[in-house]
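Structural overview for review
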Amino acid sequence: MDLRMPDDEIVVLFASMSGTAEMVADEIGARLESFGLPHRVVGMQKASEKMLERRTTFIICSSTYGNGDVPDAGVPFYDLLTTARPDLSHVRYGVVALGDMTYSASFCGSGVKFDDAFADLGAHRLLPLLEHDSRSGTFPEDAALVWLDDWLTAYREHSTCAATDSRLHRAN
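Throughout what follows, the structure given in this document is the object of discussion.

Throughout the structure, instances matching the rule amount to six salt bridges. Two residues, Glu9 and Arg55, come together in a salt bridge whose shortest N-O distance is 3.1 Å. Within this pair, whereas Glu9 is found in the segment before β1 (10-15), its partner Arg55 is found in the loop between α2 (49-54) and β3 (57-62), the two being separated by 46 residues in sequence. What makes Glu9 buried here is its relative accessible area of 17%. Salt-bridge contacts for Asp149 lead to Arg31; the nearest nitrogen and oxygen are separated by 2.8 Å. Taken together, the residues Asp149 in helix α5 (residues 140-171) and Arg31 in helix α1 (residues 20-34) connect sequence positions 118 residues apart. Judged by its relative accessible area of 28%, Asp149 falls in the partly exposed class. On the basis of relative accessibility, which here comes to 23%, the residue Arg31 falls in the partly exposed class. Residues participating in the shared-partner salt-bridge network are Glu9, Arg40 and Arg55.

Basis of the calculations
Residues numbered from 1 in each chain as written. Predicted model: local features only at pLDDT ≥ 70, side-chain atom pairs only at ≥ 80, totals over all residues. Heavy atoms only, no water. Salt bridge = Lys/Arg side-chain N within 4 Å of Asp/Glu carboxyl O. Helix = DSSP H or I, 4+ residues; strand = E, 2+ residues; numbered from the N terminus. Buried < 20%, exposed > 50% of the residue type's maximum accessible area, 1.4 Å probe, protein only.

Next up, the structure:
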């Protein structure tokens with residue numbers, strides 16, 4: 001499957017308390033690498049408004065702790081989204097949310113928060129978020145890679161449409 005899209009680096013952002021979301025992000029990065037797709041795996045503590053302005057494609061991997069809270073490393077980025085409210089209408093994204101259904105009231109709360117924030121700021125969700133239950137019997141990285149295959153199909157279709165629209169606009 002050739003999914004390469006020139007000049008479009010996929011940024012995989014992660015926030016984790018125990019390292020699981022980072023492991024999932026690394027597996028996603030390895031799969032993107034296997035397809036020859038330019039990407040970066042970045043801890044959310046390094047995310048910035050400048051990154052949001054310069055990049056167009058994001059995958060968010062976030063664990064949840066407490067009462068649906070964002071992991072400590074992701075709090076400044078989440079605060080940036082909700083206070084600075086940058087325009088993300090140029091952004092495509094997807095979210096891998098990790099949680100434990102034992103805490104059903106706050107299940108995958110952090111991922112849901114990021115999904116809501118990106119959508120509220122005008123970003124285009126390519127696929128519904130993946131909500132992984134740690135008690136499901138499946139490894140989160142395996143579930144994420146199945147989700148990623150579908151997300152990449154949507155990414156390719158959206159990228160093809162955007163390229164066609166761009167060519168049509170230049171022709172007029």
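Structure shown, so let's carry the discussion forward.
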